[in-house]
Amino acid sequence: MRNRQISYTFRDSYVVHNYRKNNLITRLTSFLCVFMYFMSPYRLFGHAMPEIIGVVAILLLLTQTDNFVILKGYGAYMLYILIIPPIISLLTNLPGDYLTSFIPINLIFYSIAFCFLLPNADKDYVLKYYKILVYCSIGLFIIQEISFYMIGSRPTLYLPLEMYYEGSDTTSFSESRSLMDRSSSFFLEPAHFAQYILPYFCIVSYNCLKHKTITKELLIMGFTLLLLQSGSGYLGLLIVFISVLFSKGIVSSQIKLSILVFVLLLICIIGVFLYNNVYVIELLNRMNEVTTFEVKAHGSQSGFLRIWRGYIIYDSLSPIYKILGVGTGSIEYISRLVYIPGSRYEGSYMNGVQALLISGGIVGTVLFIRFIKKCWNFFNPEGIIILVCMLAMFFIEHMLFTPKMFLFILIAFAVTESSKRKNIRCV
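Residues numbered from 1 in each chain as written. Predicted model: local features only at pLDDT ≥ 70, side-chain atom pairs only at ≥ 80, totals over all residues. Heavy atoms only, no water.

Visitor: What's the story with the pattern of salt bridges in this structure? I'm lost.
Guide: Where charged atoms of side chains with opposite charge meet at close range, the side chains can pair. Under the criterion given, the structure shown has six salt bridges. Its salt-bridge partner being E189, residue R306 comes within 3.6 Å of it at the nearest N-O pair. With R306 in helix α13 (residues 302-307) and E189 in the loop between α7 (170-178) and α8 (190-210), this pair connects stretches of sequence that are 117 residues apart. For R336, the salt bridge goes to E332, with nearest N and O atoms at 2.9 Å. Here R336 pairs with E332, and both are found in helix α16 (residues 331-337), just four residues apart, close to one helical turn. Given a relative accessible area of 32%, E332 falls into the partly exposed group. When salt bridges with common partners are traced through the structure, they connect E189, R306, E397 and K404 into a single cluster. (Salt bridge = Lys/Arg side-chain N within 4 Å of Asp/Glu carboxyl O. Helix = DSSP H or I, 4+ residues; strand = E, 2+ residues; numbered from the N terminus. Buried < 20%, exposed > 50% of the residue type's maximum accessible area, 1.4 Å probe, protein only.)

Here it is, written out as structure tokens:
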């Protein structure tokens, strides 16, 4: 009898140990999924840190499951990009790195992340750890802003690792960021910080409107995005606002009208009484930079490079490349073929929409839109707002198959699945 009890006790302790081990791996992989973009300022042995963290998360999950799910609509786009544009470039003798075209590392890695990490990561833990990291980054940002206005410099907490920007080390980069006009929190640039917290801002905004209340959290998030003076932050605020106005079933028409009137009055007040304010002048300058199609040889070119240059390159392509794409390995080559008077940059940087059009052509872009439409049909209203915000970022930022894109889609899936589980429990 005693031996029998001992055997049961051993079995139970084994089950408990196994559960704790699996639970630890689940927590860790969920954390790594939202920590990927958080580590975007760094490289390891020349490789971007987010991808390395993603590989670790995938290997950890492989010890628990081999569940691999191809997202609806995604398989067709992935196969097209892997096969058709590289073959077209090869047949037409378009110069480029064909190894990159036929084996695009970023596309392959994030395809695995979408089809393996997304379905297997615990969405409740994902949202929990994401919220913690958002709060940590906003906390450092507030400390940096207060410090800068009090003593003229800000504390930075960059790790002593290889920095993402080539030719930059942690010490020199930290010194440069401590004296800049704008704080970046843990990130390389204010825009990167804005993009990291925007999905959470979408969640907070939706919940406030759903419950017809304005919380401190919403105000802190909103003021943070304004103080960043980042085009990504401003666009995110605008997109969330528009999404709420045009969404159905979240707020009444009377509240929408009240919000619209309030915003118009606020714009008028700012235009009349605060026209000479430093922040307003800076905002107008940045808006002028992104709304003009011309580039000046002297002065800032960021807006032109992010928004317009890629379309000029696409317009220079032959019809066959416009329709079918050139593949990722030929983007660098065709970028250097186009001369734009006044432009001081000749590299391959493009925003998400331009990267879609040039790498995959019209056909590839249509297939990607089809994939996004499938996601739209699956997401709940919170997830849709996050998806719309991501698509808006595609027009001004390099988003295609990056940790930014993965973060937006991950959080949209997480809030959707979490909401569906809650609804099932309530039935």
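Visitor: Can you walk me through the nonpolar core in this structure?
Guide: Ranked by internal contacts, the top residues of the largest apolar core, which has 114 residues, are V34, Y74, F114, Y196 and F406. Here this core takes twelve residues from α8, the largest share from any one element. Every residue in contact with Y74, bar those within four places of it in the chain, is listed here: L107, Y110, S111, F114, C115, F371 and F401. (Core = buried A, V, L, I, M, F, W, Y, C linked by side-chain atoms within 4.5 Å. Contact = heavy atoms within 4.5 Å.)

Visitor: What is the right way to look at the environment of V55 in this model?
Guide: Among the structural elements, V55 can be located in helix α2 (residues 49-62). Taking relative accessible area as the criterion, V55 reaches 40% and is therefore assigned partly exposed.

Visitor: Is there a simple way to think about the packing of helix α6 (residues 123-151) against α8 in this case?
Guide: Two numbers describe a pair of packed helices, the interaxial angle and the distance between the axes. It is at 10 Å that the axes of α6 and α8 come closest, and there the two elements cross at 125°. Classified by the angle between their axes, α6 and α8 sit oblique to one another. Classified by chirality, the crossing of α8 by α6 is left-handed. Residue-level inspection shows L127, Y130, K131, L133, V134, Y135, S137, I138 and F141 of α6 in contact with α8, the latter providing F193, Y196, I197, L198, P199, Y200 and I203. In terms of residue class, the contact of α6 with α8 is made up of 14 nonpolar, one polar and one charged. (Axes fitted to C-alpha atoms, helices over the stretch in contact; angles between N-to-C directions. Parallel < 35°, antiparallel > 145°, perpendicular 65-115°, else oblique. Left-handed = near helix turned anticlockwise from the far one by under 90°. Nonpolar A, V, L, I, M, F, W, Y, C, P; charged D, E, K, R; others polar.)

Visitor: I'm lost on the sheet that holds strand β1 (residues 42-44) in this one. Help?
Guide: Sheet strands pair via backbone hydrogen bonds, and the direction of the pair is either parallel or antiparallel. Spatial strand order, β2-β1-β3: three strands in an open sheet with antiparallel pairing. Single-partner strands in this sheet number two, and they are β2 (47-48) and β3 (162-163). Inspection of the sheet shows β1 paired to β2 by two bridges, in the antiparallel sense. Along β2, the bridge assignment pairs R43 with A48. (Pairing = 2+ DSSP bridges.)

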